[in-house]
Amino acid sequence: MDLGPYLLLAILEGAVMASVLALTAVGLSLVFGVMRVVNIAHGEFFMLGAVLAWYVTQMVGGPPSLGFGVALVVAPLIVGAIAVAADMTVLKRLDYDPERTIVATIGLLYIIQQLTLMGYGPEARPVEPPFNTRLALPWFEVRDGALALYWPWGLSTTSYKLAVIGAGIAVLLGVWAMMARSQMGLVMRAVQADRDMALAFGIPVERVYAMVFGLGAALAALAAVLIVPISQAHYLMGADPLLLAFTVVIIGGLGSLPGTVVAAILIGLSDGIISVFFSPTLAKILATLLVALVLVFRPQGLFGVRSA
Amino acid sequence: MSERARVLALHGGLLVLLLALHFVLPPYHHGNLARIMVLASYAAGYNIVFGYTGLLSLGHALFFAAGMYAMGLSVPHIGTGTALLAGVAAGGIGAILLGLLALRTRGVAFMIVTLMFAQAGYLTILYFGAWTRGDEGFVIARASRMLWGLDLSDAAHRYLAALALFALVLGACLWMVRAPFGRSLIAIRENEPRAAMLGYDTFRLKLAAMAASGAISGAAGAAYALLFGYAGASFASVEYSILPLLWVLLGGAGTVLGPFIGTLFMFYLIDLSSGVTSAYMLIAGIALVLLTLFAPRGLMGTVRARLWRWLP
């Protein structure tokens, strides 16, 4: 293949990655923005989503699309409920103190991860995609002075991957509509802007916090359900999404949702492209250093205007 | 007894007790205690930054591993004594470089920057697998583990060497908290703007705290490689940044004895539970949550608040 088709393939893989990453990172960003809590256990909520998707598809049986459809609804709900419970039993009692909640969420990370190891085991298990048609993609070449389409060997994607990209966009639009247009979003933005003033106006801030923490975790779980037919469910799978989501949230500006989405697309695409052409470890090292330096020299993020 | 005499009696008494245990402990616990003393030295280094200066670092595995690899990689070429010093220097210099960048941020950002740099360090060790042997790690030859005529692969020598390191670190920490340097670090922890207003150069003091903490962590890493004859990438992973935090929180942040007490308890807790289940880090997770919820002062911090007000 020429460079062009290769690049298209890398961009498609990157877009799948970006879509999943955007959901995960928006969840993290929402929690940080509204609650000022850095949730180190976010990657474990992602992992729980994938593991629950496996359990649900095993229990439901029938055609793959039925089990997957149920998992798409049930897994985020369960994970969200777990997160709400964690918020009410742990984070609330710490008064959402930034440093103490970090230590507590590190503890939650190990609790969730190790309990999954005990219950689910160390194996990686696949989930069957609901539909998975192979789609060959055309590429163009200039033949006799005119553009002509042809189908290069190896240039293909699957209908499921395109559906993941679509689902990611749909959910992000839903989150945006909720934040910008609904009563619930208005309340969340009020709490984010000034917690004490919101409290003075009678907004039940603690209930909003619990809801935001649950919503953030549910978004991570949803992203994991979407990706699990492509990768696999494993108890250690939360570490990479956590670090990537951190990267995205920091580059996009801590707590800024539009910045987070832009950064997710940027990082998802570049990760897809870089790992096609370069060593993934080197790419990870450079990305990690870049993030740390952004945080030191531009704490508001590359796209943010507000200070964090 | 004067306060000074009490402090010396308590900490000196611990060292004498540890020396006495050398002669009575059965081999298994004797080996464990040697390991605990090295790890407690690492925790004591972490405590300078976290406990006394009030900076939550999640990147100390970088300094521990820097000491470990500087020692392990250089020992075949420059001899054991110099390699040990190279380990201390690597930890200290690494901490100064990271401090110069990370100390420009504060609070949550400081934690993320330290975490990210430590992660980059871990990945770098994996990337240069040809030299570091990555996750698999490498064994340090017995011939390289001779220091001043002592064979450190021998259990008795190893225990005494670990005790010497721990005594050195404990002494340094005791001196530090009573010296003006340590007092000014506590002032920064309690109220940084006020310390700055009183004329303290808080950036420089925090950088010095990082350097001291990194050098001690590097010394512990180098000693670990020297005494137990092994260096591996897992010692640079996030887990080894979180463990000293756990040990210090359990023992009591901002107390000289806390790191040792916390390491001792947590080591045996994890040791016991790993006999029952492979998910032994569950204990660490539960301990972290319970400590932050119910005992943020830790064991020695509670003893200081309730019993011995003079505890340094």
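Residues numbered from 1 in each chain as written. Chains lettered and ligands numbered in written order. Predicted model: local features only at pLDDT ≥ 70, side-chain atom pairs only at ≥ 80, totals over all residues. Heavy atoms only, no water.

### Examining the overall build of chain A
Link 1 in the chain: In terms of regular secondary structure, chain A is built from 11 helices and 4 strands.
Link 2 in the chain: Reported as C-alpha extents along the three principal axes, the dimensions of chain A are approximately 75 × 50 × 40 Å.
Link 3 in the chain: The buried share among the 308 residues of chain A stands at 52%.
Link 4 in the chain: Of the contacts made within chain A by residues no fewer than 6 positions apart, 74% connect residues no fewer than 24 positions apart.
Link 5 in the chain: Just so you have it, chain A exposes about 13600 Å², and 69% of that area is on carbon and sulfur atoms.
Link 6 in the chain: Charge-centre separation for chain A: the mean point of 15 positive side chains lies 7 Å from the mean point of 16 negative side chains. (Helix = DSSP H or I, 4+ residues; strand = E, 2+ residues; numbered from the N terminus. Buried < 20%, exposed > 50% of the residue type's maximum accessible area, 1.4 Å probe, protein only. Contact = heavy atoms within 4.5 Å. Areas by Shrake-Rupley, 256 points an atom, 1.4 Å probe, with all protein chains shown as cover. Lys, Arg positive; Asp, Glu negative; His and termini not counted. Charge placed at Lys NZ, Arg CZ, Asp CG, Glu CD.)

### Quick notes on the overall build of chain B
Link 1 in the chain: A count of helices and strands for chain B gives 14 helices and 4 strands.
Link 2 in the chain: Computed over the C-alpha atoms, the radius of gyration of chain B is 19 Å, within 12% of the 20 Å expected from 2.2 N^0.38 for a compact globule of 312 residues.
Link 3 in the chain: Over its C-alpha atoms, taken along the principal directions, chain B stretches across nearly 55 × 45 × 40 Å.
Link 4 in the chain: Burial status across chain B gives 56% buried among its 312 residues.
Link 5 in the chain: Restricting to contacts in chain B with at least 6 residues of sequence separation, those with at least 24 account for 79%.
Link 6 in the chain: Here chain B displays about 12800 Å² of accessible surface, and carbon together with sulfur accounts for 68% of that area.
Link 7 in the chain: Positive and negative side-chain charges of chain B, numbering 19 and 10 respectively, have mean locations separated by a distance of 11 Å. (Rg over C-alpha atoms; globule rule 2.2 N^0.38 Å.)

### A closer look at unusual backbone geometry
All names here are of chain A.
Link 1 in the chain: Even without being glycine, Asp95 reaches a positive phi, approximately 60°.
Link 2 in the chain: With respect to the secondary-structure elements, Asp95 resides in the loop between α3 (64-91) and α4 (98-120).
Link 3 in the chain: Judged by relative accessible area, which is 61%, Asp95 ranks as exposed.
Link 4 in the chain: Positioned with a positive phi, Tyr96 is a non-glycine residue whose angle comes to about 55°.
Link 5 in the chain: Counting through the fold element by element, Tyr96 comes out in the loop between α3 and α4.

### Here we look at the pattern of salt bridges
Residue and element names in this part refer to chain A.
Link 1 in the chain: In this structure the tally under the stated criterion is 6 salt bridges over all chains.
Link 2 in the chain: Among the salt bridges present, the one from Lys92 reaches Glu206, with a minimum N-O distance of 3.7 Å. Taken together, the residues Lys92 in the loop between α3 and α4 and Glu206 in helix α8 (residues 205-227) connect sequence positions 114 residues apart.
Link 3 in the chain: Of the residues examined, Glu206 reaches a relative accessible area of 43% and is grouped as partly exposed. (Salt bridge = Lys/Arg side-chain N within 4 Å of Asp/Glu carboxyl O.)

### What about the UniProt feature "transmembrane region" (unreviewed entry) in chain B?
All names here are of chain B.
Link 1 in the chain: In the numbering adopted here, UniProt assigns the feature "transmembrane region" (unreviewed entry) to residues 7-25, 45-71, 83-102, 108-128, 159-177, 207-233, 245-270 and 276-296.
Link 2 in the chain: Helix makes up 100% of residues 83-102 and strand makes up 0%, while its end C-alpha atoms are separated by 28 Å.
Link 3 in the chain: Secondary structure content for residues 207-233 is 81% helix and 7% strand, while the C-alpha to C-alpha distance between its ends is 27 Å. (UniProt positions renumbered as here; feature names shortened; annotations may be inferred.)

### What to know about a nonpolar patch on the surface
Residues and elements named next belong to chain A.
Link 1 in the chain: A cluster of nonpolar residues, Leu3, Tyr6, Leu7, Ile11, Ile274, Val276, Phe277 and Phe278, forms a patch on the protein surface that exposes about 710 Å² of accessible area.
Link 2 in the chain: Listed by contribution, the elements that provide at least two residues to the nonpolar patch are α1 (3-35) and α10 (257-277).
Link 3 in the chain: With 4 residues, the single largest contributor to the nonpolar patch is α1.
Link 4 in the chain: By the secondary structure assignment, Phe277 is in helix α10. (Patch = residues over 30% accessible without salt bridge, like charges linked within 9 Å, V, L, I, M, F, W, Y side chains within 5 Å.)

### Section: the side chain of Thr247 of chain A
Link 1 in the chain: Of note, Thr247 of chain A is situated in helix α9 (residues 239-252).
Link 2 in the chain: Owing to a relative accessible area of 8%, Thr247 of chain A belongs among the buried residues under this scheme.
Link 3 in the chain: Once residues within four sequence positions are removed from consideration, Thr247 of chain A is found in contact with Ile267 and Val291 of chain A together with Met116 of chain B.

### Quick look at the interface of chain B and chain A
Link 1 in the chain: On the chain A side, the residues contacting the 37 residues of chain B number 39 residues.
Link 2 in the chain: Across the contact surface, chain B and chain A share 0 salt bridges.
Link 3 in the chain: Our count for the contact surface shared by chain B and chain A stands at 1 residue pair in polar contact (both at pLDDT 80 or more).
Link 4 in the chain: Those elements that place two or more of their residues in the side of chain B that touches chain A are α5 (108-127), α11 (239-251) and α13 (281-294) of chain B.
Link 5 in the chain: At 12 residues, α5 of chain B tops the list of elements feeding residues into the side of chain B that touches chain A. (Polar contact = N/O pair within 3.5 Å; in protein donor to acceptor, adjacent residues only side chain to side chain.)

### Overview of the pairing of strand β2 (residues 139-143) of chain A
Link 1 in the chain: Note that β2 of chain A and strand β3 (residues 146-150) of chain A share 5 bridges and pair antiparallel. Within β3 of chain A, the position partnered with Trp139 of chain A by the bridge is Tyr150 of chain A. (Pairing = 2+ DSSP bridges.)

### Here we look at the environment of Ala102 of chain B
Residues and elements named next belong to chain B.
Link 1 in the chain: With respect to the helices and strands, the residue Ala102 is situated in helix α4 (residues 80-102).
Link 2 in the chain: With 33 residues separating them in the primary sequence, Ala102 and Asp135 have C-alpha atoms 27 Å apart.
Link 3 in the chain: Those residues in contact with Ala102 that lie beyond four places of it in its chain are Phe110, Val113 and Thr114.

### A word on the confidence of the model for chain B
Link 1 in the chain: Summarising the model, chain B shows a mean pLDDT of 87, and 100% of its residues fall at 70 or more.
Link 2 in the chain: Across chain B, the element-wise mean pLDDT spans from 73 in strand β2 (residues 146-147) of chain B up to 93 in helix α10 (residues 202-228) of chain B. (pLDDT = per-residue confidence, 0-100.)

### Thoughts on the packing of helix α7 (residues 155-178) of chain B against helix α8 (residues 180-190) of chain B
For any two helices packed against each other, the geometry comes down to the angle between their axes and how far apart the axes lie.
Residue and element names in this part refer to chain B.
Link 1 in the chain: Orientation of α7 relative to α8, taken along the N-to-C sense of each, is 70°, at an axis distance of 4 Å. Regarding the angle of α7 to α8, the classification is roughly perpendicular. Contacts from Met176, Val177 and Arg178 of α7 reach α8 at Pro180, Phe181, Gly182, Arg183 and Leu185.
Link 2 in the chain: Grouping the constituent residues of the contact of α7 with α8 by class yields 5 nonpolar, 1 polar and 2 charged. (Axes fitted to C-alpha atoms, helices over the stretch in contact; angles between N-to-C directions. Parallel < 35°, antiparallel > 145°, perpendicular 65-115°, else oblique. Nonpolar A, V, L, I, M, F, W, Y, C, P; charged D, E, K, R; others polar.)

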